[in-house]
Amino acid sequence: MGGKYDPKAIESKWQLFWEKTDLFGVAQEPDRKKYYLLEMFPYPSGKIHMGHVRNYTIGDVVARYKRMQGFNVLHPMGWDAFGMPAENAAIANKTHPAKWTYDNIDAMRTQLKRMGFSYDWNREIATCKPEYYRWEQWLFLKMFEKGMVYRKESLVNWCETCQTVLANEQVEAGMCWRCGKPVRQKNLWQWFFRITDYADDLLAYCDKLPGWPEKVITMQKNWIGKSLGAEIRFPVENSGDHIAVFTTRQDTVFGATFMCLAPEHPMVRELSKGTAQEEKVSAFIERMATQDRSVRTLETYEKEGVFIGAYCINPLNNRRMPIFTANFALMEYGTGAVMSVPAHDQRDLDFARKYGLEIVVVVAPPDRDLESATLREAYADEGKMINSGKFNGMDSKKARDEIASYLEEKGIGRKTVNFRLRDWGISRQRYWGAPIPMIHCKTCGIVPVPEKDLPIILPENVELPEAGGSPLHQMDYFSKTRCPACGSSDARRETDTMDTFVESSWYFERYCSPDYNTGMFDTGAVDYWMPVDQYIGGVEHAILHLLYSRYYTRVLNDLGLVKYKEPFTRLLTQGMVCKETIHCPEHGFLFPGEAEDRETKKFCRKCGTEVALGRVEKMSKSKKNVIDPDILLKKYGADTTRLFCLFASPPERDLEWSEQGVEGAFRFLNRVWRLGETWLDSIRSVAPFDGNPDDLNGEPRVLYKKTHQTIKKVTTDIEERFHFNTAISAIMELVNAMYGIETETKAPDTAGVMRFAIESAALLLSPMVPHFAEEIWEALGRKPSILKAPWPSYRKDALLKEDRMVVVQVNGKLRSKFIVDADTEDDTIRELALADERIRKFIEDKPVKKIIVVKKKLVNIVV
RNA sequence: GCCUGGGUGGCGGAAUAGGUAGACGCAAGGGACUUAAAAUCCCUCGGCCCAUAGUGGCUGUACGAGUUCGAUUCUCGUCCCAGGCACCA
């Protein structure tokens, strides 16, 4: 201290001190309790953005807090370094994805260090390094051995003009984002992980994750989407074939009047072949291939279909049912075929009306009659069975069970479980990813790469095609190889790379032994550190990343590599930092700095055109609605930036970006600083008071109690809810209280209490503004680092309140309040309330019906 | 569209078990200090109403109903916003 608060000077001073003393480096210490705190690692996009700053500040507070509580804290950081933006940047700037990525990593590492986060940088990893992904390839081979991986045909977005596969993000309104031409669906052979084998287990464990937010659990359950139902076989007319359908409403089979197949269903072409409908069907399939799959499932989307020229037979009543192919039937769900029951399903009803199909009511609601001729809304609820042969009169719920059994008996169906969850397609037709270690041999077929040949290194000497897409399959020196089985030279490597979600499904294990080179990780290290005690990241990952990680952990568990099934014991999903987007008709999305304010409007700096202000949405590089934290860092320093992020809102809530308030955070730190300056001389050589509050009187007594109350408030706010904003408010109140005390006060205990209060404030603030707290701590004559000091504890006897405010209501409306001693009985409070003059005015002579007394808090008089 | 959240002053937010709505901070306005400014400190601050200016009245937590002595909090319905929807990460 000494002089003005100068964040730049003290922040670099302490960052150097931490680095020199390797303060954040950790090792396994079997006797100490470990705490693994993990934040979702970033994609190295070039600069950290406010979302990172918020996420990592929250994590850092918890890491430092747990450390002060005596835990051996593992707090690592690394890079989710494979992914599409590197390829896009490579095309745009003619830089190699690897160079772009490593440069970005260097820049972002510097920024993170500048923020003062307590990472053990010795454990840094980057997933694009062969030392990392070789073990992912190794696991792929193990999974292949165990039959946990397979290949099948599946659809991708294909741009004919660019001759390339597009990510969903690269398709804008059905058009290619590069050339603007329509995108079509194309079938490719791709690799899949059998995540559905674990669907039941993943679902069951949802209820064994008490440390996870309820909403994430609910989303995962719904995503897995287990439904009980039946598979029923409908024979195709004049053919030995049959169509299998999955339904949860087998009680309505008697009402099934037609059949709908997904356009991709193999039987569509087969059955329409040679019929008058063949051409129409073919055209429909073609048209559907050009449509976005997610759009197809919209309920508002016009339902349409084509009769395929064939019929099937309802196995329960022998009704002849026309077979359609329809846009709302999805190949990915169930069997790709839907038995349509128009009376009891709205979608089917719309379709039946449109094409004039038969409607038969089979479930009668308890309170009214359904007329199939006039039916407008399908009846999807329970009721009494009608028009259903021997099941008539039965309750539909019961019939569901009975019909399922009956189908099983007759051999035309069976009870079954269906999941919405689909297998995880991991093939990417991209360059910047981990190569899939497989070989296609002309004679042997698919052959795994022998373990000794790992890693299959991604070749660095490449040029990316302008239109996007992977150059790997054209690179003979990479893809031409010998078959490891027969030795033939007529073999080619798999040129697909893995989905980047695979890397992020096990990086937390790798952190435990980042340099281990004889396996994925050192079992001893993983046994000590895993599972992650607290995981922190954006809600946008609530389903995919978290579910994939849970799945991958089960695979590791089944292969005997880890002892646990769930990787993350507690989860905090932080809300997003959002901002409005700016869109120039000429130049597309603009960064905030690329638009100029003139009066109330904004204009593009490049072309001067007025720009459109878009929705407020998640800050992302592709939308350019990002704020560069460097500006805050330069102007105010890391501590103010951290404090502001924490104070702005509770972590789980979304935060619409606004700079208002940063000034306040800075001002607060200055306030604390000056408080230290003012008192330093009078408290430097005094021991902090830590006795019984009853030994104090007057202002010191009040301040002493307030300090203990603040310690309690801050501790529970962090411990129970991570509500740093209210914790900071409490410290602000404490500081305000300290300002109320005059330096000249001659009360004997003032200095001791003041020292206690200032030290407590420094300790409580230290996880949030660590550089600042170190500086104060040192000025008070304490030995650095403050991180090694224990977290303060509070005295119960200092928390007791001496008096209480009682609120008096008449008919629920606030009419009066008064203060009583904390030990006043309820009866006395009631008498005091009734005797209150302001209350009597409201009661007048009306009879008192009821009096409610809430202990030492409130009286409500009902008249 | 489906799944999951959210909506409280001019703004960020608080109210943790149904019990004083607006803690703490920002912005704004007024005042003190200063030759002046910055910084700092003090005061006011949801809206409306009043001959009584008060420890005053009414109203107010997206909207509409309901449960309750009492609802920001619970229930039902509506509107709006955000996230996810399987190749952005």
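Details of the structure are given in the entry above.
What counts as what
Residues numbered from 1 in each chain as written. Chains lettered and ligands numbered in written order. Predicted model: local features only at pLDDT ≥ 70, side-chain atom pairs only at ≥ 80, totals over all residues. Heavy atoms only, no water. Helix = DSSP H or I, 4+ residues; strand = E, 2+ residues; numbered from the N terminus. Buried < 20%, exposed > 50% of the residue type's maximum accessible area, 1.4 Å probe, protein only. Areas by Shrake-Rupley, 256 points an atom, 1.4 Å probe, with all protein chains shown as cover. Lys, Arg positive; Asp, Glu negative; His and termini not counted. Charge placed at Lys NZ, Arg CZ, Asp CG, Glu CD. Contact = heavy atoms within 4.5 Å. 1 Å grid on protein atoms, 1.4 Å probe; cavity = no way out; pocket = protein on both sides within 12 Å on 5 of 7 lines; lining within 4 Å. Points joined across faces, edges and corners; volume = space filled by probe spheres on them. Near = heavy atom within 4 Å. Polar contact = N/O pair within 3.5 Å; in protein donor to acceptor, adjacent residues only side chain to side chain. Nonpolar A, V, L, I, M, F, W, Y, C, P; charged D, E, K, R; others polar. Salt bridge = Lys/Arg side-chain N within 4 Å of Asp/Glu carboxyl O. Pairing = 2+ DSSP bridges. Axes fitted to C-alpha atoms, helices over the stretch in contact; angles between N-to-C directions. Core = buried A, V, L, I, M, F, W, Y, C linked by side-chain atoms within 4.5 Å. Parallel < 35°, antiparallel > 145°, perpendicular 65-115°, else oblique. Phe/Tyr/Trp six-rings, centres within 6.5 Å; stacked < 30°, edge-to-face > 60°. Lys NZ or Arg CZ within 6 Å of the ring centre and 35° of its normal. Patch = residues over 30% accessible without salt bridge, like charges linked within 9 Å, V, L, I, M, F, W, Y side chains within 5 Å.

**Concerning the overall build of chain A**
Scanning chain A for helices and strands turns up 26 helices and 35 strands. Considering only C-alpha atoms, chain A reaches an extent of 105 × 85 × 65 Å along its principal axes. Within chain A, buried positions represent 54% of all 863 residues. Element-wise, carbon and sulfur atoms account for 49% of the exposed surface of chain A, whose accessible area totals about 39300 Å². Distance between charge centres in chain A, computed from 120 positive and 121 negative side chains, equals 0 Å.

**Some points on the environment of Lys601**
If you trace the backbone, Lys601 turns up in strand β29 (residues 601-604). Aside from chain neighbours lying at most four places away, what touches Lys601 is Glu596 and Glu610.

**Describing the layout of surface pockets**
Computed from the structure, the second largest pocket encloses a volume of approximately 560 Å³. Around the second largest pocket sit 24 residues that line it, and Gln429, Ser470, His473, Thr495 and Asp496 are the ones nearest its centre. Among the secondary structure elements, those contributing two or more residues to the lining of the second largest pocket are β3 (149-159), β4 (164-166), β7 (184-193) and β22 (491-493). Considering every element that reaches the lining of the second largest pocket, the biggest residue donor is β7, with 3 residues.

**With respect to the protein's contact with RNA strand B**
The environment of RNA strand B is formed by 72 residues, the closest being Asp80, Asn168, Ala648, Arg671 and Asn860. The protein-proximal atoms of RNA strand B, defined as those within 4 Å of the protein, are 66% sugar or phosphate. Between Met84 and RNA strand B, the recorded distance is 3.1 Å, taken from a backbone N or O atom to a phosphate oxygen. Here a phosphate oxygen of RNA strand B sits 2.9 Å away from a polar atom, N or O, in the side chain of Arg667. Split by residue class, the surface near RNA strand B holds 25 nonpolar, 20 polar and 27 charged.

**Observations concerning the pattern of salt bridges**
In total, this model carries 47 salt bridges according to the counting rule given. In this structure, Glu451 and Lys142 form a salt bridge, with 3.3 Å as the shortest nitrogen-oxygen distance. Within this pair, whereas Glu451 is found in the loop between β20 (445-448) and α13 (476-479), its partner Lys142 is found in helix α5 (residues 130-145), the two being separated by 309 residues in sequence. Take Glu451: its relative accessible area is 41%, and that puts it in the partly exposed class. A relative accessible area of 19% means that Lys142 is categorised as buried.

**Side note on the sheet that holds strand β24 (residues 532-538)**
Read from one edge of the open sheet, 4 strands run β2-β1-β24-β25, paired in parallel fashion. Sheet topology places β2 (72-74) and β25 (568-574) at the edges, where each strand pairs with a single neighbour. The sheet shows a mean angle of 20° between the axes of neighbouring strands, direction not considered. Note: β24 against β25, 6 bridges, orientation parallel. Bridging from a neighbouring strand, Gly537 pairs with Thr573 of β25. Strand contacts of helix α2 (residues 50-68): β1 (34-39), β2, β24 and β25, with the helix running at about 175° to β1, the strand carrying the most contacts.

**What to know about the nonpolar core**
One finds Tyr36, Phe193, Tyr507 and Met738 to be the most contacted residues of the largest nonpolar core, which totals 188 residues. Setting aside anything within four residues of it in sequence, one finds Tyr36 in contact with Leu74, Pro76, Phe508, Tyr511, Cys512, Trp529, Met530, Pro531, Val532, Asp533 and Gln534. Listed in part, the 54 residues of the second largest apolar core include Met267, Phe351, Ile359 and Val362.

**Considerations on the packing of α2 against helix α19 (residues 638-648)**
Running from N to C, α2 and α19 point in directions that differ by 90°, and their axes come no closer than 9 Å. Our classification of the angle between α2 and α19 gives roughly perpendicular. Residues Met50, Val53, Arg54, Thr57, Ile58, Asp60, Val61 and Arg64 of α2 form the contact with α19, whose participating residues are Thr641, Arg642, Cys645 and Leu646. Its residues assigned to classes, the contact of α2 with α19 comprises 6 nonpolar, 2 polar and 4 charged.

**Focus: the side chain of Asp717**
Its place among the elements puts Asp717 in helix α21 (residues 698-721). If near-sequence neighbours (up to four positions away) are discounted, Asp717 is found in contact with Phe722, His723, Thr726 and Ala727.

**Digging into the packing of aromatic side chains**
Taken as a whole, this structure holds 49 aromatic pairs when the rule is applied. When the ring of Phe328 is compared with that of Phe351, the centres are 5.6 Å apart and the planes differ by 80°; the resulting orientation is edge-to-face. Of this pair, Phe328 sits in the loop between β12 (320-326) and β13 (337-340) while Phe351 sits in helix α11 (residues 346-355); the two residues are 23 residues apart in sequence, bridging distant segments of the chain. Of the two residues, Phe328 and Phe351, both sit in the buried class. On the basis of an interplanar angle of 65° and a centroid distance of 5.4 Å, the ring pair of Tyr507 and Phe508 is categorised as edge-to-face. Accessibility expressed as a relative area gives 0% for Tyr507, which makes it buried. Grouped by ring-pair contacts, the aromatic residues Phe140, Phe144, Trp191, Phe193, Tyr198, Trp424, Phe501, Tyr548 and Tyr551 constitute a single cluster. Lying across the ring of Trp135, Arg134 places its NZ or CZ 4.6 Å from the centre. Stacked on the ring of Trp158, the Lys or Arg Lys186 has its end atom at 3.7 Å from the ring centre.

**A look at a negative patch on the surface**
A cluster of like negative charges, contributed by Asp803, Asp821, Asp823, Glu825, Asp826, Asp827 and Glu831, occupies part of the molecular surface. By residue number, the principal contributor to the negative patch is helix α25 (residues 826-835), which donates 3 residues. With respect to the element layout, Asp827 can be found in helix α25.

**A short note on the packing of helix α7 (residues 214-224) against helix α17 (residues 544-558)**
Relative orientation of the contacting elements α7 and α17 amounts to 75°, with a least axis distance of 11 Å. Our classification of the angle between α7 and α17 gives roughly perpendicular. Together, Val216, Gln220, Trp223 and Ile224 of α7 and Leu544, Leu546, Leu547 and Arg550 of α17 make up the contact between the two elements. Class assignment for the residues of the contact of α7 with α17 results in 6 nonpolar, 1 polar and 1 charged.

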